[in-house]
Amino acid sequence: MRSLALKITVNFMVLLFLSLTAAGVFLRQAVKSVLDGAGLTPSQVNTAAGHLEGILLLSAVAIVVVMAVGTFLISREIIMPLRALLPLTRRIAEGDLEQRLEVQNHDEIGVLSHHLNVMVETLRNTLREIVEERNKIQAIIASMGDALLTVDQVGRIMLLNPAAEAMLGKKEEEVVRKYLLEVIRSHEVDKMVKEIIASGEPREIETRLFPTTNQFFKINGSPIISTQKRVVGAALTIRDMTAMRRLEKMRTEFVANVSHELRTPLTSIRGFVETLLEGAMEDPQLCRRFLSIINKEARRLQQLIDDLLTLSRLESGGIERSRGMTVFKPVLDGVLATVEHLAAEKGIILETAIAEDIPPLAMGENYLSQVLLNLIDNAIKYTPAGGRVTVRAAKEEDGIRVEVEDTGIGIPAESLPRVFERFYRVDKARSREMGGTGLGLAIVKHIIEVHGGRVGVESRPGQGSRFFFIVPAAEEGKN
């Protein structure tokens, strides 16, 4: 501000000096003309003119000094209010919008201060709204389960949300400003982005982003439009459809399996009923045999429906993890009493090896009974006559481990990962012949997992199988 006052003073002095110089030259010429007309000698004229010039020069110097001082003081009075605004305007320029200028006068500078205050208030409100909207958008983007990324008009990545970082396995700062094709090596996705930017229309595709995996992704792309109605980029949302595809496949297979399993006993029942109606019922022995088969198929149908309902209740969260305390040995004895006649019919020996220090299990008696019954019944069914089924139980660090081992036909290695799937059978014909529904092991798996345990199987074809499960011990004092 001092430089501005100095500039005003210097400029005014220069103009004043030039004006006085011009006036002095004009007066000198006018005086000489007057003296020449008065009849004075040249020396007298020069002496008088010199004397007059000295007076004029002193007067000019005095006028310049007075005017310079006056101009400086006046300009200083004008500039002082502006100088007072300088620290505040500097802080405002640095982003401190909480400052407010004091309006001391009602002149032009006062009006300027008022306008600056209004401008700062408007900027503060606008900035607050922008920050709030930005925070909302950032929260929404961060909470999205789908991956989100944006690219500019030449295909360089501008933004990633946390889901996209997890999907790509890279942080935002590692990929920002890189071309999309460098990060997602999919020419199909790159082509879609170029089409969006070129046409300004949204696009949607399903593809594999990573050629080395079987993951399928659904990608929705929309153009980013500027205020000038130009396409300046594209936003992509990416959803992993792999699990949904797998579930759809499982659902389709489940419906097909259920239909097939229900149709088999119903077809058998219908066939025998039609045979009876056509005259076979006249033969008491044949009629009794057919009714026995119908009863067997009806029981099988009922068992299938019961298993389906049980499995549906387990998968839909229809049961809660039991907090009870179940003593293992009495439940096992009850199950063995139930299957004892089945084992006796085939000459199969039932053995137990139960440790003495087994604490109560953290699951209900009925669920433990259902698990043991399924495993022991399966072991008896798939063990040839004269074989052996052994039940073991012992305490381990992570709970109680229970094993059901047989000397049966065993399970091929390629079937081991799938034996706990619904309706999966190693030998479908033999399983149906023995009355199995294909749901027993799936029910076992769900019951154990609901109670915080895990289940598994070890087997070799021709050497038997060992099914096991581990469940937590009950906490003392809880029932």
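Residues numbered from 1 in each chain as written. Predicted model: local features only at pLDDT ≥ 70, side-chain atom pairs only at ≥ 80, totals over all residues. Heavy atoms only, no water.

Asker: Explain the packing of aromatic side chains to me, and be specific about the residues and the numbers.
Answerer: For any pair of aromatic rings, the description consists of the separation of the ring centres together with the inter-plane angle of the planes. Across all of its chains, the model carries one aromatic pair by this definition. Consider the rings of Phe 420 and Phe 467, whose centres lie 6.1 Å apart with planes at 80°: the pair is edge-to-face. Here the residue Phe 420 occupies a position in the loop between β8 (399–406) and α12 (428–433), and Phe 467 occupies one in strand β10 (residues 464–471), the gap between them amounting to 47 residues. Using a relative accessible area of 12% as the deciding quantity, one classes Phe 420 as buried. Residue Phe 467 is classed as buried on the basis of its relative accessible area, which comes to 10%. The ring of Phe 468 has Arg 401 lying over it, and the distance from NZ or CZ to the ring centre is 4.2 Å. (Phe/Tyr/Trp six-rings, centres within 6.5 Å; stacked < 30°, edge-to-face > 60°. Helix = DSSP H or I, 4+ residues; strand = E, 2+ residues; numbered from the N terminus. Buried < 20%, exposed > 50% of the residue type's maximum accessible area, 1.4 Å probe, protein only. Lys NZ or Arg CZ within 6 Å of the ring centre and 35° of its normal.)

Asker: Let's hear about the pairing of strand β4 (residues 217–225): which residues, and what values?
Answerer: Examined bridge by bridge, strand β3 (residues 203–207) and β4 share five bridges and lie antiparallel to one another. Paired with Arg 203 across the bridge in β4 is Gly 221. Where β4 hands over to strand β5 (residues 231–240), the hairpin turn is made up of five residues, of which Lys 229 adopts a positive phi near 65°. (Pairing = 2+ DSSP bridges.)

Asker: Kindly report on the packing of helix α10 (residues 328–346) against helix α11 (residues 365–381), identifying the contributing residues and their values.
Answerer: Any two packed helices are characterised by the angle at which their axes cross and by the distance between the axes. Where α10 meets α11, the closest approach of the two axes is 9 Å, and the angle between their N-to-C directions is 25°. It follows that α10 is roughly parallel to α11 by the angle criterion. Considering the relative orientation of α10 and α11, their crossing is right-handed. Facing α10, whose interface residues are Phe 328, Val 331, Leu 332, Val 335, Leu 336, Thr 338, Val 339, Leu 342, Ala 343 and Lys 346, α11 presents Glu 365, Leu 368, Ser 369, Leu 372, Leu 373, Ile 376, Asp 377, Ile 380 and Lys 381. Of the residues assigned to the contact of α10 with α11, the class counts are 13 nonpolar, two polar and four charged. (Axes fitted to C-alpha atoms, helices over the stretch in contact; angles between N-to-C directions. Parallel < 35°, antiparallel > 145°, perpendicular 65-115°, else oblique. Left-handed = near helix turned anticlockwise from the far one by under 90°. Contact = heavy atoms within 4.5 Å. Nonpolar A, V, L, I, M, F, W, Y, C, P; charged D, E, K, R; others polar.)

Asker: Residue-level account of the environment of Glu 421, with values.
Answerer: Relative to the helices and strands, Glu 421 is located in the loop between β8 and α12. In sequence terms Glu 421 and Leu 441 are 20 residues apart; their C-alpha atoms lie 7.4 Å from each other.

Asker: With reference to specific residues and values, describe the pattern of salt bridges.
Answerer: Taken as a whole and assessed by the stated rule, the structure comprises 20 salt bridges. Close ionic contact of Lys 136 with Glu 133 constitutes a salt bridge, the shortest N to O distance being 3.8 Å. Of the two residues, Lys 136 and Glu 133 are both situated in helix α3 (residues 108–143); the distance of three residues between them amounts to about one turn of the helix. Residue class for Lys 136 comes out partly exposed when judged on its relative accessible area of 49%. For Glu 133, a relative accessible area of 42% corresponds to the partly exposed category. The salt bridge involving Glu 449 is made with Lys 445; its shortest N-O contact spans 2.9 Å. Placement of the pair is Glu 449 and Lys 445 together in helix α13 (residues 440–450), with a separation of four residues, close to one helical turn. For Glu 449, a relative accessible area of 42% gives the class partly exposed. One salt-bridge network, in which partners are shared between bridges, spans Arg 392, Arg 401, Glu 403, Glu 405, Glu 458 and Arg 466. (Salt bridge = Lys/Arg side-chain N within 4 Å of Asp/Glu carboxyl O.)

Asker: Help me get a handle on a nonpolar patch on the surface, residues and values and all.
Answerer: A contiguous nonpolar surface patch, about 240 Å² in accessible area, is contributed by Val 61, Val 65 and Val 69. Position of Val 61 relative to the elements: it lies in helix α2 (residues 42–93). According to the relative accessible area criterion, Val 61 is partly exposed, its value standing at 44%. (Patch = residues over 30% accessible without salt bridge, like charges linked within 9 Å, V, L, I, M, F, W, Y side chains within 5 Å. Areas by Shrake-Rupley, 256 points an atom, 1.4 Å probe, with all protein chains shown as cover.)

Asker: I'd love a proper account of the sheet that holds strand β9 (residues 454–460), names of residues and values included.
Answerer: Through backbone hydrogen bonds, the strands of a sheet pair up, either in parallel or in antiparallel fashion. Strand order across the open sheet formed by five strands is β6-β7-β8-β10-β9, with mixed pairing between neighbours. Of all strands in the sheet, those bounded by a partner on one side alone are β6 (349–354) and β9. The sheet shows a mean angle of 15° between the axes of neighbouring strands, taken without regard to direction. When β6 meets strand β7 (residues 388–396), the two strands line up parallel, connected through six bridges.

Asker: Summarise the packing of α11 against α13; cite the residues concerned and give the values.
Answerer: Where α11 contacts α13, the two axes come as close as 10 Å, and the packing angle between them is 145°. The two elements α11 and α13 meet at a crossing, and its hand is left-handed. Contact with α11, carried on its side by Tyr 367, Gln 370, Val 371, Asn 374, Leu 375 and Asn 378, involves Gly 440, Leu 441, Ile 443, Val 444, Ile 447 and Ile 448 of α13 and no other residues of that element. In terms of residue class, the contact of α11 with α13 is made up of eight nonpolar, four polar and no charged.

Asker: Could you give me a rundown of the sheet that holds strand β2 (residues 157–160), with the residues and numbers involved?
Answerer: Ordered in space as β2-β1-β5-β4-β3, the five strands form an open sheet in which the pairing is antiparallel. At either end of the open sheet lies a strand with only one pairing partner, and these are β2 and β3. In this sheet, adjacent strand axes meet at a mean angle of 20° when their direction is disregarded. Taken strand by strand, helix α7 (residues 187–199) contacts β1 (147–152), β3, β4 and β5, and its axis lies near 180° from that of β3.

Asker: How would you sum up the environment of Ser 186? Please name residues and give values.
Answerer: Within the secondary structure, Ser 186 sits in the loop between α6 (180–183) and α7. When the C-alpha atoms of Ser 186 and Pro 211 are compared, they prove to be 8.4 Å apart, with 25 residues separating the residues in sequence. The contact partners of Ser 186, leaving out residues within four places of it in the chain, are Leu 181, Arg 208 and Leu 209.

What is shown is where atoms sit, not what they do.
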